[in-house]
Amino acid sequence: LVRPKKIPVVNRLYKTMSHPQLVRLTPKEEQIFEVLTGTIKRYQLGGTIVRVAGGWVRDKLLGRESHDIDLALNNCTGKNFAE
């Protein structure tokens with residue numbers, strides 16, 4: 001069994017929910033997440049929760065690069081969120 005190594009804290013805003021381990025974000029990923037959180041704040045979508053899922057999460061926990069971020073929204077479709 002290979003356990004993922006601990007990844008240093010780079011951005012305290014993006015810690016995983018079920019695991020105390022933090023992930024390292026690239027500048028591009030930070031920008032993407034800032035746009036998402038900024039959109040929620042700007043349009044007062046306080047009830048909207050954006051979750052990151054899929055292989056990106058696995059890769060980040062293993063300290064690997066990933067270029068595919070899967071997002072899930074709790075109360076609307078991605079199309080509605082984008083509009």
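Report on the accompanying structure. Just so it is clear, the structure is predicted and the values come from calculations on it, not from any experiment.

Take the overall build of the protein chain next. Check the secondary structure of the protein chain and you find three helices and two strands. Tracing the protein chain from N to C terminus, the helices and strands come up as α-β-α-β-α. Within the protein chain, the proportion of its 83 residues that are buried is 24%. Partitioning the contacts of the protein chain with sequence separation of at least 6, the portion at a separation of at least 24 is 41%. As presented, the protein chain carries roughly 6600 Å² of accessible surface, and 55% of it is formed by carbon and sulfur atoms.

Scanning the entire structure with this criterion turns up three salt bridges. Close ionic contact of Lys-60 with Glu-29 constitutes a salt bridge, the shortest N to O distance being 2.9 Å. Pair noted here: Lys-60 is in helix α2 (residues 55–61) and Glu-29 is in helix α1 (residues 27–42), with a separation of 31 residues, a long-range link. What makes Lys-60 buried here is its relative accessible area of 6%. Across the pair Arg-58 and Asp-59 runs a salt bridge whose closest N-O atoms are separated by 3.0 Å. Taking the relative accessible area as the measure of exposure, Arg-58 reaches 48% and is therefore partly exposed. Judged by its relative accessible area of 11%, Asp-59 falls in the buried class.

On to unusual backbone geometry. Although it is not a glycine, Gln-44 sits at a positive phi angle of roughly 50°. When you line up the elements, Gln-44 lands in the loop between α1 and β1 (50–53). The class for Gln-44 is exposed, based on a relative accessible area of 73%.

Counting eight residues, the largest nonpolar core is built from Val-23, Leu-25, Phe-33, Leu-36, Ile-40, Trp-56, Leu-61 and Phe-81. Of all elements in the fold, only α1 and α2 reach the threshold of two or more residues within this core. In contact with Phe-81, other than residues within four places in its own chain, are Leu-36, Thr-39, Ile-40, Leu-45, Thr-48, Leu-73 and Cys-76.

Calculation rules
- Residues numbered from 1 in each chain as written.
- Predicted model: local features only at pLDDT ≥ 70, side-chain atom pairs only at ≥ 80, totals over all residues.
- Heavy atoms only, no water.
- Helix = DSSP H or I, 4+ residues; strand = E, 2+ residues; numbered from the N terminus.
- Buried < 20%, exposed > 50% of the residue type's maximum accessible area, 1.4 Å probe, protein only.
- Contact = heavy atoms within 4.5 Å.
- Areas by Shrake-Rupley, 256 points an atom, 1.4 Å probe, with all protein chains shown as cover.
- Salt bridge = Lys/Arg side-chain N within 4 Å of Asp/Glu carboxyl O.
- Core = buried A, V, L, I, M, F, W, Y, C linked by side-chain atoms within 4.5 Å.

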